[in-house]
Amino acid sequence: MAESPLTGGPSRSVSRAARLRGEPRLPGDKSISHRALILATLAGGDSRIAGAGDGRDVQATAGIMAALGATVERVHEDGLNVDYRVISPGADGLHEPDGVLDCRNSGTSLRLCSGVLASLPFFSVLDGDASLRSRPVARIIEPLRSMGAALYARRSDTLPPLVVIGLTRLRAIDYTTRVPSAQVKSAILLAGLRAEGPTTVREAVATRDHTERMLRSRGIDVRREPEASSGGGPVAWTLDGGARLAAKDDRVPADPSAAAFWLVASAIHPDAEMTLRAVGVNPTRRTAIDLLVRMGAQITETPVGDVAADSDAGEPLADLTVRSSELRAIDIGPDEVAAAIDEIPILCLAATQARGRTTIRGAGELRNKESDRIDGIVTGLRALGAKISVDGDDITIEGPSQLVGAPTLTLDDHRLAMTFAVAGLIASGSTSIDRGDSAAVSYPSFFTELERLRA
Ligand code: S3P
């Protein structure tokens, strides 16, 4: 590891690749891995989770489940993924944790666990690293308080640490989320499992629906209005409190948000071809794939597994093959931003290589992620020679531009680190990525895969 010319801290450097070929290994889906650990703990009994992503975020949730009384055993690990065995007494047998629950860098751990803790009759405190302490929690406090739990946070209930004093019998609510957020929706549904009566969450734009699918596959009657699962559009989800959650083994699909880095790397590189195996292509997660195809990316998709693409239980999977492509600019609207929220940084890099002006409108939620991702992506891509500008919450990128290797700042944000590393594969010279190791938050073997692809 080298020293960052910008901060003097540890940095990675990536040089231009002559050619990219191969099948990068992908981490298990981060969203599904968190949920599998939580649902195994709530259901009780003995559950196996195969192929969970072994990034630091999912490890944080595993640690929290253990602190609440589950036995979380790492049965097999390979430096990227881990198989867990969870033995739990079930929701009624969990106990007050002895110390602060450490979410580390993980907003998903913080939000999902607050929903769970709201329905458990004890005191807990959720905290994390400096980035997590700057992320909004009012969006979670408001609905969970209206269900009857007591929640408090720093700076007038806006920032972590977050205190939760739960209640065994919560009030059911009918709640419309203020921003499209699968974390907030999931927290309310998880709390609703133990509420009196039916809990409904309404969202203006459909966000990822893994919680709903996983609850259904554990015997919970989760109703969707409208019924058809087409992705996009307004949607309402309802479940009844008090139903019994059945234990179930899970196999976690490969993470489409991790796959997006390689889809873009291959599409923008002049001599590339890669295949990504058994990637989750749930309609609420595949927007980045569809946007890249709209930009002209040559992606072929072969369904694998036995879950149909339009099924509303289980997770549809596909092998994706992607090769060097001529990209063109597109217009990405606010609903597409919400649906591809984690892939916007890498899509910005794709846009620097697309002919014409790409606009990304209504991207304000990116400021609330592991870093201010609008600031981070604009500063980093500009340093590499891209033509990118911001007006309020809108981003405009003119392409194509020849990128030139330079030092970049990740702000300790895994998705920025991986975006700048992929940029390094096409930039002239060498690109240094300050604190590139933050990639391990979601993708522990990312730099190993990157070096293997150029070999
Ligand atoms: C996630 C939801 C999204 C996403 C995050 C994972 C989830 O966050 O950015 O990486 O697993 O529910 P928001 O709910 O804040 O949009």
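Relevant structure appears above.
Residues numbered from 1 in each chain as written. Predicted model: local features only at pLDDT ≥ 70, side-chain atom pairs only at ≥ 80, totals over all residues. Heavy atoms only, no water.

K.L.:
I keep staring at the site of the ligand and nothing clicks. Help me out?
P.N.:
In the vicinity of the ligand, the contacting residues are Lys30, Ser31, Arg35, Thr108, Pro180, Ser181, Ala182, Gln183, Arg208, Ile341, Asp342 and Lys369. Here an oxygen atom of the ligand sits 2.7 Å away from a polar atom, N or O, in the side chain of Ser31. Here an oxygen atom of the ligand sits 2.7 Å away from a polar atom, N or O, in the side chain of Arg35. Its atoms largely coinciding with the cavity grid, the ligand occupies the second largest pocket. Residue assignment for the shell around the ligand shows that the elements contributing at least two residues are helix 1 (30–43) and helix 6 (182–192). Taken together, the residues of the shell around the ligand sort by class into three nonpolar, four polar and five charged. Each of domain 1 (2–27 + 253–454) and domain 2 (30–251) contributes no fewer than three residues to the shell around the ligand. (Near = heavy atom within 4 Å. Polar contact = N/O pair within 3.5 Å; in protein donor to acceptor, adjacent residues only side chain to side chain. 1 Å grid on protein atoms, 1.4 Å probe; cavity = no way out; pocket = protein on both sides within 12 Å on 5 of 7 lines; lining within 4 Å. Sits in = over half its atoms within 2 Å of the grid points. Helix = DSSP H or I, 4+ residues; strand = E, 2+ residues; numbered from the N terminus. Nonpolar A, V, L, I, M, F, W, Y, C, P; charged D, E, K, R; others polar. Domains from an automatic or database assignment.)

K.L.:
Would you explain the nonpolar core in this entry?
P.N.:
What tends to happen in soluble globular proteins is that the nonpolar side chains get buried as a cluster. Counting residues in each nonpolar core, the largest one holds 76 residues, and the members touching the most others are Leu26, Trp262, Leu292, Leu349, Ile360, Leu381 and Phe446. Leave out the neighbours within four places in its chain, and Ile360 touches Ile332, Val337, Ile344, Cys348, Asp393, Asp394, Ile395 and Ile397. Of all hydrophobic cores here, the second largest spans 65 residues; its members include Leu117, Ile140, Ile141 and Ala187. (Core = buried A, V, L, I, M, F, W, Y, C linked by side-chain atoms within 4.5 Å. Buried < 20%, exposed > 50% of the residue type's maximum accessible area, 1.4 Å probe, protein only. Contact = heavy atoms within 4.5 Å.)

K.L.:
Explanation requested: the sheet that holds strand 10 (residues 159–165) in the structure shown.
P.N.:
Across a sheet, paired strands are connected by hydrogen bonds in the backbone, their directions being either parallel or antiparallel. Judged by pairing direction, the sheet is mixed, and its four strands sit side by side in the order 7-8-10-9 without closing on themselves. The open sheet has two edge strands with one neighbour each: strand 7 (101–102) and strand 9 (150–153). Sheet topology places strand 8 (residues 123–127) next to strand 10; four bridges connect them, and they run antiparallel. In the sheet register, Val125 faces strand 10, and the bridge partner there is Val163. (Pairing = 2+ DSSP bridges.)

K.L.:
How should the packing of aromatic side chains be read in this particular structure?
P.N.:
A ring pair, where both rings are aromatic, is described by two values, the distance of the centres and the angle of the planes. Tallying each qualifying case throughout the model produces five aromatic pairs. Three or more aromatic residues link up through ring pairs in this structure, and these residues are Phe261, Trp262, Tyr443, Phe446 and Phe447. (Phe/Tyr/Trp six-rings, centres within 6.5 Å; stacked < 30°, edge-to-face > 60°.)

K.L.:
Looking at this structure, how should I read the pattern of salt bridges?
P.N.:
Any two side chains of opposite charge can pair if their charged atoms end up close together. Under the counting rule described, the total for this entry stands at 43 salt bridges. Connected through salt bridges with shared partners, the residues Arg25, Asp78, Glu449 and Arg452 form a single ionic network. (Salt bridge = Lys/Arg side-chain N within 4 Å of Asp/Glu carboxyl O.)

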